[in-house]
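# Fold and geometry: a report
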Amino acid sequence: MRRLLWLLTLGALAVALTACPRKAEEEAATETAPAEETSLPGANVRVGLAFDAGGKFDRSFNQSAWEGAQRAAQELGVQIFDFEPADPSQVGQGIRTFAEEGFDLVIGVGFANEPAITATAKEFPNVKFAVIDAVPGEGQLPNALGVVFREHEGSFLVGYVAGKLSRTGVVGFIGGMDIPLIHKFEAGFRAGAEYAFQEDGIQGRVLVGYVGNTPAAWNDPAKAKEIASSQARQGADIIYAAAGGSGLGLIDFVKEEMCLREGGAVRFVREDRFADVPKYPAYEEKCGEGTTPLFFIGVDANQNYLHPGKVLTSMLKRVDNAVYEAFKEGENLVPGINVMGLANDGVGYAMDENNASLVTDEMKAAVDAARAGIISGEIKVVSYYENDSCPALDF
């Protein structure tokens, strides 16, 4: 069944930005849609989607948003127009044009779009706006919604997995830009790992490194790879990155190195939890006996598929669900703040055929118990925003 999905990539020039949406409408008007298509609830809803740096196919945050939009187009018939910045200086462009064209809803994907959304929402009170990962106008605008996540809760779960399965008792975290948002990922991961270490009576360590303190930190895989190498030399056998495109450097490092060998700063403090997991031929050839596998943990989207056997799990940040729900509400979007955490499936961890052999049923049951404990309040995971630090855990 043919769906009417109108896609538009907007240029940086204002002339192009204002002309293209009208042209798309004129072209579409010449087509005759099947009767069942026009009955879809969102058939007459136009939504403009402005992405953050990195683009909609970054295999992480932005792509998750795009997948939510695609779902809305397929199930609701919503018309999608999108804008991808060519570089960080263009973030926020396109938002005003969407508003000037009278779109029903304009969504900024990523906190960098918040200033433009806030300013434009004030100027166009009859258009609805939303920002994913930030709150426009401090949540007080009558026509704007901010969607934020309890990343520390999801990061706790993957940190718990890392702490339980690390053979060295050393795990690593790599952040992209050194900002409070990414500190939430760090705080949760540290808390989960240390909770697991305490349960097992291990004096473990969590190593932390940041790529930089400017927007360029999101797209510097070479620096992230350097940090990963340093952490591995200090014994980290499982590393989690919340670093945007820079995280590809960690992936490359794990893919190339594959394992750690005991010696120097690398010490094995528990039995090999992966002894019974079949090793791929390249691993057997390079690593052999006396080693332990290296793993990375994916972020935002399910990245388990990227390198099966090397991805322990992924911290899910359900940006796709947030975008889909915003599309579903369209011009009836309820303004304010929407907080997504474990309790409403806004964050979580990924299990599928790609990591089923790495995370046993017993391990999964333990993680699910921790999840239930966080939701019930028995386990309190402290967000960085609560006291501007990264405490491990409140018992």
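See above for the structure.
Reading the values: rules and limits
Residues numbered from 1 in each chain as written. Predicted model: local features only at pLDDT ≥ 70, side-chain atom pairs only at ≥ 80, totals over all residues. Heavy atoms only, no water. Axes fitted to C-alpha atoms, helices over the stretch in contact; angles between N-to-C directions. Helix = DSSP H or I, 4+ residues; strand = E, 2+ residues; numbered from the N terminus. Left-handed = near helix turned anticlockwise from the far one by under 90°. Nonpolar A, V, L, I, M, F, W, Y, C, P; charged D, E, K, R; others polar. Disulfide = S-S within 2.5 Å. Buried < 20%, exposed > 50% of the residue type's maximum accessible area, 1.4 Å probe, protein only. Expected span 1.5 Å × (residues − 1). Arc of directions from axis to C-beta. Contact = heavy atoms within 4.5 Å. 1 Å grid on protein atoms, 1.4 Å probe; cavity = no way out; pocket = protein on both sides within 12 Å on 5 of 7 lines; lining within 4 Å. Points joined across faces, edges and corners; volume = space filled by probe spheres on them. Pairing = 2+ DSSP bridges.

Running from amino to carboxyl end, helix 6 (residues 151-165) crosses helix 7 (residues 180-200) at an angle of 35°, the nearest separation of the two axes being 6 Å. Relative to helix 7, helix 6 is oriented so that their crossing is right-handed. Here the residues of the contact of helix 6 with helix 7 sort into 12 nonpolar, six polar and five charged.

Under the criterion given, the structure shown has one disulfide. The side chain of Cys259 participates in a disulfide bridge whose partner is Cys287; the two sulfur atoms lie 2.1 Å from each other. On the sign convention where negative means left-handed, the S-S torsion of about -95° between Cys259 and Cys287 marks this disulfide as left-handed. Of this pair, Cys259 sits in strand 9 (residues 259-261) while Cys287 sits in the loop between helix 10 (281-286) and strand 10 (291-293), and the two are 28 residues apart along the sequence. According to the relative accessible area criterion, Cys259 is buried, its value standing at 12%.

Our focus in this paragraph is helix 8 (residues 221-233). The end-to-end C-alpha distance of helix 8 is 18 Å, a good match for the 18 Å that 13 residues give at a rise of 1.5 Å each. Those residues of helix 8 that fall on the buried side of the exposure criterion are Ala224, Ile227, Ala228, Gln231 and Ala232. Projected onto a plane normal to the axis of helix 8, the buried residues spread over an arc of 135° and lie on a single side. Facing away from the buried side of helix 8, by more than 90 degrees, are the exposed residues Ala222 and Arg233. Turning to helix 8, the residues buried within the fold contact strand 6 (170-177), strand 7 (205-212), strand 8 (238-242), helix 9 (247-257) and strand 9. Gly235 sits one or two positions beyond helix 8 and adopts a positive phi of about 110°.

Let us look at the layout of surface pockets. In this model, the largest pocket occupies a volume close to 690 Å³. Those elements that place two or more of their residues in the lining of the largest pocket are helix 3 (61-76), helix 7, strand 8, helix 9 and strand 11 (295-300). Broken down by element, the residue count for the lining of the largest pocket peaks at five residues, all from strand 11. Classifying every residue of the lining of the largest pocket gives 22 nonpolar, 10 polar and six charged.

Before going further, it helps to spend a moment on the sheet that holds strand 1 (residues 46-50). Spatial ordering of the open sheet is given by 2-1-3-4-5-13, a layout of six strands whose pairing is parallel. Each end of this open sheet is capped by a strand with a single partner; those strands are strand 2 (79-83) and strand 13 (336-340). Within this sheet the neighbouring strands show an average axis-to-axis angle of 20°, counted without direction. Judged from the five bridges that link them, strand 5 (residues 144-149) and strand 13 form a sheet pairing that is parallel. Within the sheet, the bridge partner assigned to Val147 lies in strand 13 and is Asn338. In this fold helix 3 packs onto strand 1, strand 2, strand 3 (105-109) and strand 4 (128-132), with an angle of close to 160° to the strand it touches most, strand 2.

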